[in-house]
Amino acid sequence: MAYMMWIYVVVILILSEAWGKVPGSNQNTSVITSTSPPKVHVYRNALFNQGRDVNLTCSERTWNETFYIIWEIKLKNKICKISFNSDGGSEDSCNDGKSLRNTSSSQSYLHISKFSNNDVGVYKCQSPYRGGTVDVIINVNTTVCPTVTMRVKHEDNKTVAVCKAERGYPAANISWNFAGNWSVDPVSTEDGLLTVESRLLLPEGTDAENINCVVRHPCWEGEKPFSLNHIQGNVPWLLILTVMIITMLVAGLLFIAQKKLRMLRQCQQSDPSSSKSSPTEDVEEVQPYASYVQRVNSIYNSSADLFT
């Protein structure tokens, strides 16, 4: 009987311990809490035209909610930092005109004056606030407007319209105002610029003068249509301008040469060496004879005085 009682006690203890480990029970439970504030990570890409003023925003929170802001900037030729805290302390190791500014509502932003190729890089911002932290990474690049050309060529007894947007960044988008079979071939260069060529197959008898290729690029507002007349229409003006410049240069050289020739002739006419050479020789031949005659006369006169 005592043996059975011991078995009963052991079974009860084992069951009670198992019940304590069941999920959802109030026994032997522990709550894990984290005191670190949540972090928000943001990744963005940004493209800007060269020469314009650029503003980069790290957080939309105001200075009343923010403890400090740190911009770590990795450019092509250097790594620098710009920071500011709520106590008034600041740091600027970039020294290239970038600055931290505030909006009218006390929101901080990084200002870049006259954005250039030297400002291309990775901009990392850290901004802790009451309740969390914002980490922002912005890949900043510059836009390069492509050069657009359009031509019509004949190959394999077919007429093909070719539209090319050369050396731009990012790659341009090309479409046509003509429904047909066309293809796009992107090409990259060693310096990172991109060229896109689109070829449109024209049906027989199609008037190429009415065909437009439409180019879209971030450096332009909206889209730009290019036609064969538009592209070719620029050529005569360039030729006329070139001919005008060459004509002006030739006319200027002829004017200077004519002026120098006129001055040379005036100098030759005013030079007395050639016109007065013969009278000078006559004087030199006459003067010794005159002096000799004068001497003879003086001797003759003195001899005559002795004999008188």
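Position numbers for residues count from 1 along each chain, tracking the sequence in the order it is written. Thresholds applied to this predicted model are a pLDDT of at least 70 for local features of residues and 80 or more for the giving and counting of side-chain atom pairs; totals over whole chains, interfaces and linings are not thresholded and use all residues. Hydrogens and waters are ignored; side-chain quantities use all the structure's heavy atoms.

- Looking at an unreviewed UniProt entry, one finds the protein chain named CD200 receptor 1, with Labrus bergylta as its source organism.
- For the record of the protein chain, the UniProt heading Sequence similarities (unreviewed entry) holds the text "Belongs to the CD200R family."
- Per UniProt, the protein chain carries the Subcellular location (unreviewed entry) text "Membrane". UniProt positions are given in the numbering used here, feature names are shortened, and annotations may be inferred rather than shown by experiment.

Some remarks on the state of the cysteines
And step 1. Disulfide assignment relies on a single distance test, namely cysteine sulfur atoms paired within 2.5 Å. Evaluated as defined, the whole model comprises four disulfides.
And step 2. Disulfide partner of cysteine 58: cysteine 125, at an S-S distance of 2.0 Å. When the S-S torsion is -100°, as for the bridge of cysteine 58 with cysteine 125, the disulfide is left-handed. Within this pair, whereas cysteine 58 is found in strand E2 (residues 54–62), its partner cysteine 125 is found in strand E8 (residues 121–129), the two being separated by 67 residues in sequence.
And step 3. In this structure cysteine 58 comes out as buried when scored by relative accessible area, which is 6%.
And step 4. Take cysteine 125: its relative accessible area is 1%, and that puts it in the buried class.
And step 5. Cysteine 145 shares a disulfide with cysteine 219; S-S distance 2.3 Å. Of this pair, cysteine 145 sits in the loop between strand E9 (132–143) and strand E10 (147–155) while cysteine 219 sits in the loop between strand E15 (212–216) and strand E16 (223–227), and the two are 74 residues apart along the sequence.
And step 6. Here the term buried applies to any residue with accessible area under 20% of the maximum for its type, exposed to any over 50%, and partly exposed to those in between, with areas from a 1.4 Å probe on protein chains only. Cysteine 145 sits in the partly exposed class, given a relative accessible area of 40%.
And step 7. By relative accessible area, cysteine 219 is classed as buried at 12%. Think of it this way: any DSSP run of H or I at least four residues long counts as a helix, any run of E at least two long counts as a strand, and we number them from the N terminus.

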